Amino acid sequence: MALLTDLQPAALRRAFSRFPSGVAALCAVIDGEPQGLVASSFTVGVSMDPPLVMFAVQNTSRTWPVLRGSARIGVSILGSDHEGVCKQIASRAGNRFAGLDLHTDDSGSLFLDRAALWLECSVENEVPAGDHQVVLLRVHGHASHDDAHEPLIFHGSAFRRLGVPEFA
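Read on for a plain summary of the structure. (Residues numbered from 1 in each chain as written. Predicted model: local features only at pLDDT ≥ 70, side-chain atom pairs only at ≥ 80, totals over all residues. Heavy atoms only, no water.)

## Thoughts on the packing of aromatic side chains
In this description, a pair of aromatic rings is defined by centroid distance and the angle of the planes.
Item 1. Tallying each qualifying case throughout the model produces two aromatic pairs.
Item 2. Taking 5.4 Å as the distance between ring centres and 85 degrees as the angle between the ring planes, the aromatic pair formed by Phe55 and Trp64 counts as edge-to-face.
Item 3. Relative to Trp118, the ring of Phe111 lies with its centre 4.8 Å away and its plane at 25 degrees, an arrangement referred to as stacked. Pair check on accessibility: Phe111 and Trp118 agree, each one buried. (Phe/Tyr/Trp six-rings, centres within 6.5 Å; stacked < 30°, edge-to-face > 60°. Buried < 20%, exposed > 50% of the residue type's maximum accessible area, 1.4 Å probe, protein only.)

Here's what the structure looks like:
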């Protein structure tokens, strides 16, 4: 099989969709209002000392310039029943947090109920990467909710759920 050399955005998007990923909502309360974005480029375990995670955000994002100024950002790894929540927060119109079960703390971090994992983070560094910024986040705290919620998976440009393991 020959490698394709079509590196146009649509072709790359199709190719990159073959890599399954979790979906993260990065949220904070800023000036009394919830702000947030979703990222399927979120990666854990970038570093253990210091504890770092990362994601990529488009340079055209209107939310990231607001969110990056927060002292702390709540990262919710979306749960398997969050498909609609993901689309709602990613929307460019309306109240993107209407009707959602949210949790916040004194730091301003904002978390979604029924997430597979919560991480409280702060911006460590941003690195230009073409039409995106790669953002390193320092982890200050975490909660996995005793594994009560399976993660939402994004693969093949569609939301999916983890299957039952064949070998238990």
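## A word on helix α3 (residues 83–90)
Item 1. Those residues of α3 that sit buried are Val85, Cys86 and Ile89. Along the axis of α3, the buried residues cluster in a sector spanning 100 degrees; they form a single face.
Item 2. On its buried face, α3 sits against β2 (24–30), β3 (33–39), β8 (110–112) and β12 (158–161). (Helix = DSSP H or I, 4+ residues; strand = E, 2+ residues; numbered from the N terminus. Arc of directions from axis to C-beta. Contact = heavy atoms within 4.5 Å.)

## So, the layout of surface pockets
Item 1. Of the volumes computed, that of the largest pocket is approximately 1,600 Å³.
Item 2. As for the largest pocket, its lining consists of 40 residues, of which Val38, Ser40, Ala56, Gln58 and His132 are closest to the centre.
Item 3. Put simply, the parts of the chain that give the lining of the largest pocket at least two residues each are α1 (9–16), β3, β5 (51–58), α3, β10 (132–143) and β11 (152–155).
Item 4. Counting residues per element, the lining of the largest pocket draws most heavily on β5, which supplies five residues.
Item 5. Taken together, the residues that form the lining of the largest pocket break down as 19 nonpolar, 15 polar and six charged. (1 Å grid on protein atoms, 1.4 Å probe; cavity = no way out; pocket = protein on both sides within 12 Å on 5 of 7 lines; lining within 4 Å. Points joined across faces, edges and corners; volume = space filled by probe spheres on them. Nonpolar A, V, L, I, M, F, W, Y, C, P; charged D, E, K, R; others polar.)

## A look at the environment of Leu78
Item 1. Mapped onto the elements of the fold, Leu78 is located in the loop between β6 (73–77) and α3.
Item 2. Residue class for Leu78 comes out buried when judged on its relative accessible area of 0%.
Item 3. Apart from residues no more than four positions distant in its own chain, Leu78 is found in contact with Val23, Ala25, Cys86, Leu112, Ala116, Glu150, Pro151 and Leu152.

## Details of empty space enclosed by the protein
Item 1. This structure, assessed with the given rule, holds one cavity of 30 Å³ or more.
Item 2. Estimates place the volume of the largest cavity at around 40 Å³.
Item 3. The wall of the largest cavity is formed by His82, Val85, Leu100, Asp101, Leu112, Asp113 and Arg114.
Item 4. Along the lines of polarity and charge, the residues of the lining of the largest cavity split into three nonpolar, one polar and three charged.

## Here we look at the sheet that holds β3
Item 1. Spatially, β3-β2-β6-β9-β10-β5-β4 is the arrangement adopted by the seven strands of the open sheet, whose pairing is antiparallel. The sheet terminates laterally at β3 and β4 (43–48), the two strands that pair on one side only. Each neighbouring strand pair of the sheet contributes to a mean axis angle of 35 degrees, computed without reference to strand direction.
Item 2. On top of the sheet, α3 reaches β2 and β3; it is set at about 110 degrees to β3, its chief contact. (Pairing = 2+ DSSP bridges. Axes fitted to C-alpha atoms, helices over the stretch in contact; angles between N-to-C directions.)

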